[in-house]
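Structural features, examined
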Amino acid sequence: MVQLRTYSVAEGGCRRCAYRKRAPGDFLCDRCREDRDIERGQKRQDALDAAVIDEFAAKPDRAHEPSNLDCGVSPWNARPRKEPSAAYWSPLPDPEPKSEQLWRESLSDLGWRYSRH
Ligand SMILES: [Zn+2]
């Protein structure tokens, strides 16, 4: 396979794919040149992104500094949220059973108005 590739390149094939004829004035065919340009652009974009990410990571980790415009309204300056305590998750049992709470029901009203007859 290497021999065939060498032969194709010697015959004027692309240096990269050795399958298509190389473009005039270049050692790659049109398609490989396009791929190379794409890869170069991608590499360049990756380098730019890495630079931006490095710059962001190098910045010190600071809280929000309030300005005259936002007046310090920022989640960074907010108080910590209230968290439910243990008493919320495990409440104490009701000290008085509801059956003994006589004030919950009327003594005289039997609710006859709501019964169907
Ligand atoms: Zn090629």
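Relevant structure appears above.
Residues numbered from 1 in each chain as written. Predicted model: local features only at pLDDT ≥ 70, side-chain atom pairs only at ≥ 80, totals over all residues. Heavy atoms only, no water.

Details of the overall build of the protein chain
Test applied: Think of it this way: any DSSP run of H or I at least four residues long counts as a helix, any run of E at least two long counts as a strand, and we number them from the N terminus. Restricting the calculation to C-alpha atoms gives the radius of gyration, and the globule rule supplies 2.2 Å times the number of residues raised to the power 0.38.
From N to C terminus, the protein chain includes three helices and zero strands. Start at the N end of the protein chain and walk to the C end: the helices and strands fall as α-α-α. In terms of overall size, the protein chain is more extended than a compact globule, its C-alpha atoms giving a radius of gyration of 39 Å where 117 residues would be expected to give roughly 13 Å. Across its three principal axes, the protein chain shows a C-alpha extent of roughly 110 × 55 × 30 Å.

Concerning unusual backbone geometry
Note the following rule: Partly exposed residues are those whose accessible area sits between 20% and 50% of the maximum for their type, while under 20% is buried and over 50% is exposed, using a 1.4 Å probe and protein chains only.
Of note in the backbone geometry, A18 takes a positive phi value of approximately 55 degrees without being a glycine. Given the relative accessible area of 12%, A18 is considered buried.

Comments concerning the coordination of the zinc ion
Test applied: Any nitrogen, oxygen or sulfur atom within 2.8 Å of a metal ion counts as a donor, with the limit raised to 3.2 Å for Na, K and Ca, and since water is left out, coordination shells can look unfinished. Four donors are marked tetrahedral only if all angles between them lie between 85 and 135 degrees, whereas four are marked square planar and six octahedral if opposite donors are more than 155 degrees apart and the other angles lie between 65 and 115; the remainder are marked irregular.
Bound to the zinc ion on the protein side are C14 (SG), C17 (SG), C29 (SG) and C32 (SG), at distances that span 2.2 to 2.3 Å. Metal-centred angles of 103 to 115 degrees between the four donor atoms at the zinc ion mark the site as tetrahedral. Expressed as a motif, the donor residue spacing for the zinc ion is C-x2-C-x11-C-x2-C. On the criterion of sequence distance, the pair formed by C14 in the loop between helix 1 (2-10) and helix 2 (30-58) and C29 in the loop between helix 1 and helix 2 is long-range, its members being 15 residues apart. Each member of the pair C14 and C29 is classed as buried.

Considerations on the environment of Q42
Relative to the assigned elements, Q42 resides in helix 2. Given the relative accessible area of 46%, Q42 is considered partly exposed. Considering only alpha carbons, one finds Q42 and D70, 28 residues apart in sequence, at a separation of 39 Å.

Side note on the side chain of S74
Let me state the cut-off plainly: Within 3.5 Å is the distance limit for a polar contact, defined as a pair of N or O atoms, with the added protein rule that one can donate a hydrogen and the other accept it, and that residues adjacent in sequence qualify only through two side-chain atoms.
Examined against the element boundaries, S74 turns out to sit in the loop between helix 2 and helix 3 (86-89). Within the structure, S74 has its side chain in polar contact with the backbone nitrogen of W76 (distance 3.0 Å).

A closer look at the environment of L102
Along the chain, L102 falls in the segment after helix 3. Residues L102 and N77, spaced 25 residues apart in sequence, show a C-alpha to C-alpha distance of 50 Å.

Quick word on the pattern of salt bridges
Test applied: Any Lys or Arg side-chain nitrogen located within 4 Å of an Asp or Glu carboxyl oxygen qualifies as a salt bridge.
Inspection of every chain in the model, using the stated rule, returns five salt bridges. One network of salt bridges, in which partners are shared, links D26, D30, R33 and R36.

Quick word on the side chain of D26
The cut-off we apply is this: Any two residues whose heavy atoms approach within 4.5 Å at even a single point are treated as in contact.
Mapped onto the fold, D26 is located in the loop between helix 1 and helix 2. Residue D26 is classed as buried on the basis of its relative accessible area, which comes to 16%. Among the polar contacts listed, one links the side chain of D26 to the side chain of R33, at a separation of 3.3 Å. Those residues in contact with D26, other than ones at most four positions away along the chain, are R33 and R36.

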